[in-house]
Amino acid sequence: MMTVEHIYKLAIKLGVQNDIRGRAAVERTLAKARKHHEELPAKKKKHFDADRLFNPYMDTRFFGDRNKRVRRVIVGIDMDSSEVMLTHELNRMFPKKPIDLIMSHHPLGKALTQGLSDVMRLQVELLHLFGIPLNIAESLTKKRLDEVSKNTQAGNYFGTIDAAALLGYPVMCVHTPADNMVARFIFDLIKKKGKRLTTVGDIMDMFMEIPEYQIAMERGNGPYILIGDPENYTGKIAVTEITGGTEGSKDMYEKLAHFGIGTVIGMHLSPKNEEEARKHHINVFIAGHMSSDSLGMNLFLDELEKRGIDIVPTSGFTRVSRFRKPKTKSSKRRS
Ligand SMILES: [Fe+2]
Ligand SMILES: [Fe+2]
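Rules behind the numbers
- Residues numbered from 1 in each chain as written.
- Chains lettered and ligands numbered in written order.
- Predicted model: local features only at pLDDT ≥ 70, side-chain atom pairs only at ≥ 80, totals over all residues.
- Heavy atoms only, no water.
- Domains from an automatic or database assignment.
- Contact = heavy atoms within 4.5 Å.
- Buried area = accessible area lost by both parts, 1.4 Å probe.
- Salt bridge = Lys/Arg side-chain N within 4 Å of Asp/Glu carboxyl O.
- Donors = N, O, S within 2.8 Å, 3.2 Å for Na, K, Ca; no water.
- Helix = DSSP H or I, 4+ residues; strand = E, 2+ residues; numbered from the N terminus.
- Tetrahedral: all angles 85-135°; square planar, octahedral: opposite > 155°, others 65-115°.
- Pairing = 2+ DSSP bridges.
- Axes fitted to C-alpha atoms, helices over the stretch in contact; angles between N-to-C directions.
- Phe/Tyr/Trp six-rings, centres within 6.5 Å; stacked < 30°, edge-to-face > 60°.
- Buried < 20%, exposed > 50% of the residue type's maximum accessible area, 1.4 Å probe, protein only.
- Lys NZ or Arg CZ within 6 Å of the ring centre and 35° of its normal.
- Lys, Arg positive; Asp, Glu negative; His and termini not counted.
- Core = buried A, V, L, I, M, F, W, Y, C linked by side-chain atoms within 4.5 Å.
- Patch = residues over 30% accessible without salt bridge, like charges linked within 9 Å, V, L, I, M, F, W, Y side chains within 5 Å.
- Areas by Shrake-Rupley, 256 points an atom, 1.4 Å probe, with all protein chains shown as cover.
- Parallel < 35°, antiparallel > 145°, perpendicular 65-115°, else oblique.
- Nonpolar A, V, L, I, M, F, W, Y, C, P; charged D, E, K, R; others polar.

## Observations concerning the domain arrangement of the chain
Examined at the domain level, the chain breaks down into domain 1 (4–176 + 292–334) and domain 2 (180–289). Distance from the C-alpha centre of domain 1 to the C-alpha centre of domain 2: 24 Å. Of the residues lining the interface, 40 residues belong to domain 1; the matching set on domain 2 comes to 36 residues. Both faces considered, domain 1 and domain 2 share a buried interface measuring about 3200 Å² in area, 65% of it formed by carbon and sulfur atoms. Taken as a group, Ile20, Phe130 and Ser292 account for 22% of the area that domain 1 buries against domain 2, more than any other trio of residues on that side. One salt bridge in this structure joins Lys143 and Asp251, with 2.9 Å as the shortest N-O distance.

What follows is the structure, encoded as structure tokens:
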């Protein structure tokens, strides 16, 4: 049976496997962290976050008992103290099916304050993949990274973790590994469609074949074309706003247009980024936030389901299983 720590390690492994930048870029990040650790003076070493030595996605962490065995996990896109109470109530109502772990997609605690700006570094290689020279990609990303890092310092981010600790539940957040999985999924789909993806309308049709986006549409929050018309040529497509922590720099649109990108696919876009994209004639297709995050989490959670773990979806997360557990006698006995 999997423990909290096993699930954490599996999330990292799958994140690396699906990292758009490739394994070498991930290894470089880890090697840098190891070198930094080696060179630290002894008195500073004790404050070094040891997870950095093996986890390239610091927005993915767990809090609480690492050895707790997990048979059932409650999952939401955001989890706060009310979801902790909900978990406790469910466990009171269904004592034979206890939830062992609370999982959020969006980062919590230090996974947010230290981890989010950290993983944004992957946007450098991502932008480079779409033709922006590394030096420009790096300078654009650093500016934005600084902004995000400052914006996440002043809040109160341990509420969920503190509430869960009082009631004895471990908490985990799985962010960039799941976003890597959805980015990989969309990349592969675009590749598979090839020349059949001619117009922005074709992108819409492609997304509407995916159950998570159909559900989002029913919930009044479906994908849409933010900039451009359905009959517009897509040109070269960039998937820039799916993984990499959070939205990128507004100045990247000028560069994307300059280096030949015609359409950007993203989860969501702020008005200032929209304005820039418009100015530079880039079509923007918004896949949707909850739907894309759900898709990424679903791809990850299928791997848990394969290993015998039950999933309880909540808080904006729509569960679609691409792995159906066969109804064997032993699985019936477990539930
Ligand atoms: Fe996400
Ligand atoms: Fe998100």
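## Some thoughts on the coordination of the iron ion (ligand 2)
With distances of 2.1 to 2.2 Å, the protein atoms coordinating the iron ion (ligand 2) are His106 (NE2), His289 (NE2) and Asp293 (OD). Along the chain, the residues that donate to the iron ion (ligand 2) are spaced as H-x182-H-x3-D. If you look at the iron ion (ligand 2) and the iron ion (ligand 1), they sit 3.3 Å from each other and are both ligated by Asp293. Taken together, the residues His289 and Asp293, both in helix H15 (residues 289–306) and four residues apart, mark about one turn of the helix.

## As for the coordination of the iron ion (ligand 1)
Ideal coordination angles are 109.5 degrees for a metal with four donors arranged tetrahedrally and 90 or 180 degrees for a metal with six donors arranged octahedrally. For the iron ion (ligand 1), the full set of protein donor atoms is His105 (NE2), Asp179 (OD), Asp179 (OD) and Asp293 (OD), at a range of 2.0 to 2.5 Å. Here the iron ion (ligand 1) is ringed by four donor atoms whose angles at the metal span 54 to 149°, and the overall shape comes out irregular. Within one chain, the residues donating to the iron ion (ligand 1) are spaced in sequence as H-x73-D-x113-D.

## Some points on the environment of Ile7
Looking at where Ile7 falls in the secondary structure, it is placed in helix H1 (residues 4–17). With residues near it in sequence (within four places) discarded, Ile7 still touches Met2, Val70, Leu101, Met103, Met172, Phe300, Leu304 and Ile309.

## Considerations on the sheet that holds strand S5 (residues 224–227)
Ordered in space as S5-S8-S7-S6, the four strands form an open sheet in which the pairing is mixed. A strand with exactly one partner marks an edge of an open sheet, and here the two such strands are S5 and strand S6 (236–241). Going from strand to strand, the sheet's axes swing by 30° on average, the running direction of each strand aside. In the sheet, S5 pairs with strand S8 (residues 283–286) via three bridges, with the strands oriented antiparallel.

## Notes on the packing of aromatic side chains
Geometry of an aromatic ring pair is reported as the spacing of the ring centres plus the angle between the planes. Scanning the entire structure with this criterion turns up six aromatic pairs. Where Tyr8 meets Phe62, the ring centres are 5.1 Å apart and the plane angle is 75°; that geometry is what we call edge-to-face. One end of the pair, Tyr8, is in helix H1; the other, Phe62, is in strand S1 (residues 61–63), and 54 residues separate them in sequence. Each member of the pair Tyr8 and Phe62 is classed as buried. On the basis of an interplanar angle of 85° and a centroid distance of 4.9 Å, the ring pair of Phe207 and Tyr213 is categorised as edge-to-face. Like Tyr213, Phe207 is buried. Note that Lys9 overlies the ring of Phe54, its terminal NZ or CZ placed 5.3 Å from the centroid.

## Digging into the sheet that holds strand S3 (residues 101–104)
Pairing within the open sheet is mixed, and its five strands lie in the order S1-S4-S3-S2-S9. Edge positions in the sheet fall to S1 and strand S9 (310–313), since each of these pairs with one other strand and no more. Averaged over all adjacent pairs, the angle separating strand axes in this sheet is 25°, with direction ignored.

## Some points on the environment of Tyr8
You can call Tyr8 buried: its relative accessible area is 1%. On a C-alpha basis, the gap between Tyr8 and Arg66 in space is 9.0 Å, while along the polypeptide they are 58 residues apart. If we ignore the near neighbours within four places in the chain, the residues touching Tyr8 are Asp51, Phe54, Asn55, Thr60, Arg61, Phe62 and Met172.

## Some thoughts on the side chain of Asp293
Arg219 is the oppositely charged side chain nearest to the buried, salt-bridge-free Asp293, at an N-O distance of 12 Å. Not counting chain neighbours up to four residues away, the residues in contact with Asp293 comprise Ile77, His105, His106, Asp179 and Met267.

## Describing the nonpolar core
Within the largest apolar cluster, 74 residues are counted, with the highest numbers of intra-cluster contacts made by Ile7, Met103, Phe207, Leu256, Phe300 and Leu304. Counting contributing residues per domain, this core is built from domain 1 (4–176 + 292–334) and domain 2 (180–289), each supplying no fewer than three. Beyond its immediate sequence surroundings of up to four residues, Phe207 is in contact with Ile186, Tyr213, Pro223, Ile265, Phe285 and Ala287. Within the second largest apolar cluster, 14 residues are counted, among which are Ile74, Met79, Ile99 and Ala111.

## Notes on a nonpolar patch on the surface
Judged by side-chain polarity, Met85, Leu166 and Leu167 come together as a nonpolar surface patch covering roughly 330 Å² of accessible area. Looking at the element boundaries, Leu166 is found in helix H9 (residues 159–167).

## What to know about the packing of helix H10 (residues 176–193) against H15
Interaxial distance between H10 and H15 falls to 7 Å at its minimum, and their mutual angle equals 100°. Relative to H15, H10 is oriented roughly perpendicular. Contact with H10, carried on its side by Ala178, Asp179, Met181, Val182 and Phe185, involves Ser292, Asp293, Leu295, Gly296, Met297, Leu299 and Phe300 of H15 and no other residues of that element. When the residues that make up the contact of H10 with H15 are grouped by side-chain class, the tally is eight nonpolar, two polar and two charged.

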